[in-house]
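# Overview (structure and organization)
In case you want the letters, here they are:
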Amino acid sequence: MISQIQNMPLILPGGLPAIDILKRENIFIRDVSQGQGSVERRLRIVILNLMPLKEVTETDFVRLLSNSPLQLEICFMKLRSHVSRHTTAEHMKRFYRDFDDIRKERFDGLIVTGAPVEGMPFEEVDYWDELTEVFDWARQYITSTLYICWAAQAGLYHFYGIPKHPLDKKMFGIFPAVVLSPDLPIFRGFDDVFQMPQSRHTEIRREDIEPVAGLEVIADSAESGVSIVMSHSGREYFITGHLEYAPDTLDREYHRDLGRRNDVAAPRHYYREDKPEKGPLVTWRAHANLLFSNWIDWVLGDR
């Protein structure tokens, strides 16, 4: 008889909107109002969510983190120096905790999301000073950190002085990336090539990274450039794209900007037959799940 291995429940703040969405997807969720349960093999992951649509991003990351046999407790962090304009104050107060609170506790992993501020110099972002405090705290106290999209650029700039460069046109679509270091634990089970969603107006360049000791480009794309950079002995991963994106995210972004901006083109390699009316063809979800599962396993083994 073959026994079925079930994933452990994610532990999330009680009442988080993502809970109902993910339960409908048959993802096992426990909110804190149901009790903490056993603490055996539990990892604590904190997400600094800088994206404007908080609830969408919450669901995207929780969905990926659910694919683990380990019990994960997920917390959401906010910065005192920034007030979200697209999410209610009630939501932020109920489900998010200030960095000043978070920094006093023990966490195993940190995820820092992208942010819609890539057109600004880093130092002009209103929360830059506090954000770099988070980066420095994470390097000292967190087992491993994932920096996503703009946060990847920000982290590389803060720690290593790597600049970002404006693009002539938006990097928008799904792009193949080649695994350059297949023996790394983060790539266990990966194919030689995987697909990554991209949505950005700036880039980091390989020629700026390669001379820097302690940095390694571990995935790269002929079309979209540097895909993943690793540093600090595998404790930090800088991911230039959005593996967490849901199938319809780029479609919603495309139609949101259509007619409002003069640089909007349909996302490349995304729609069936390259026709928006035929809907997206999902090609990145399996590797996204695998990367996050591998990351969680690495965090557990190293803590």
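Residues numbered from 1 in each chain as written. Predicted model: local features only at pLDDT ≥ 70, side-chain atom pairs only at ≥ 80, totals over all residues. Heavy atoms only, no water.

On to the environment of Ile296. Examined against the element boundaries, Ile296 turns out to sit in helix α9 (residues 285-302). By relative accessible area, which is 1% here, Ile296 ends up buried. Placed 251 residues apart in sequence, Ile296 and Ile45 show a C-alpha to C-alpha distance of 9.3 Å. In contact with Ile296, other than residues within four places in its own chain, are Leu43, Leu65, Ser68, Leu70 and Leu72. (Helix = DSSP H or I, 4+ residues; strand = E, 2+ residues; numbered from the N terminus. Buried < 20%, exposed > 50% of the residue type's maximum accessible area, 1.4 Å probe, protein only. Contact = heavy atoms within 4.5 Å.)

Moving on to the layout of surface pockets. Taken as a whole, the largest pocket spans an internal volume of roughly 1100 Å³. Lining the largest pocket are 40 residues, and of these Met51, Pro52, Ala115, Pro116 and Arg256 lie nearest its centre. Those elements that provide at least two residues to the lining of the largest pocket are α2 (54-65), α6 (150-160), β9 (193-203) and α8 (249-257). The greatest single-element share of the lining of the largest pocket, amounting to 5 residues, is contributed by α8. Split into classes, the residues belonging to the lining of the largest pocket amount to 15 nonpolar, 11 polar and 14 charged. (1 Å grid on protein atoms, 1.4 Å probe; cavity = no way out; pocket = protein on both sides within 12 Å on 5 of 7 lines; lining within 4 Å. Points joined across faces, edges and corners; volume = space filled by probe spheres on them. Nonpolar A, V, L, I, M, F, W, Y, C, P; charged D, E, K, R; others polar.)

Before going further, it helps to examine the UniProt feature "active site" (unreviewed entry) in the protein chain. In this structure's numbering, the residues bearing the UniProt feature "active site" (unreviewed entry) are Cys149, His242 and Glu244. Taken together, the annotated residues stretch across 96 residues yet fold into one region, lying no more than 10.9 Å apart by C-alpha. Annotated residues from the preceding list that form part of the lining of the largest cavity: these are Cys149. Structurally, the position occupied by Cys149 is in the loop between β7 (144-148) and α6. (UniProt positions renumbered as here; feature names shortened; annotations may be inferred.)

Once that is clear, we can look at the side chain of His287. Structurally, His287 is set in helix α9. Apart from residues no more than four positions distant in its own chain, His287 is found in contact with Phe190, Asp191, Val193 and Phe194.

Within this structure, the stated rule accounts for 1 cavity of 30 Å³ or more. Estimated volume of the largest cavity: approximately 30 Å³. Taken together, Cys149, Gln153, Arg200, Thr202, Glu203, Ile204, Val226 and Thr240 form the lining of the largest cavity. At 3 residues, the largest contribution of residues to the lining of the largest cavity is made by β9. Classifying every residue of the lining of the largest cavity by side-chain character gives 3 nonpolar, 3 polar and 2 charged.

Once that is clear, we can look at the packing of helix α5 (residues 128-141) against α6. At a closest axis distance of 11 Å, the pairing of α5 and α6 adopts a crossing angle of 75°. Taken as axis vectors, α5 and α6 run roughly perpendicular relative to one another. When α5 is examined against α6, the residues Trp128, Leu131, Thr132, Phe135, Asp136 and Arg139 are found in contact with a partner set consisting of Trp150, Ala151, Ala154, Gly155, Tyr157, His158, Phe159 and Tyr160. Of the residues contributing to the contact of α5 with α6, the split by class is 9 nonpolar, 3 polar and 2 charged. (Axes fitted to C-alpha atoms, helices over the stretch in contact; angles between N-to-C directions. Parallel < 35°, antiparallel > 145°, perpendicular 65-115°, else oblique.)

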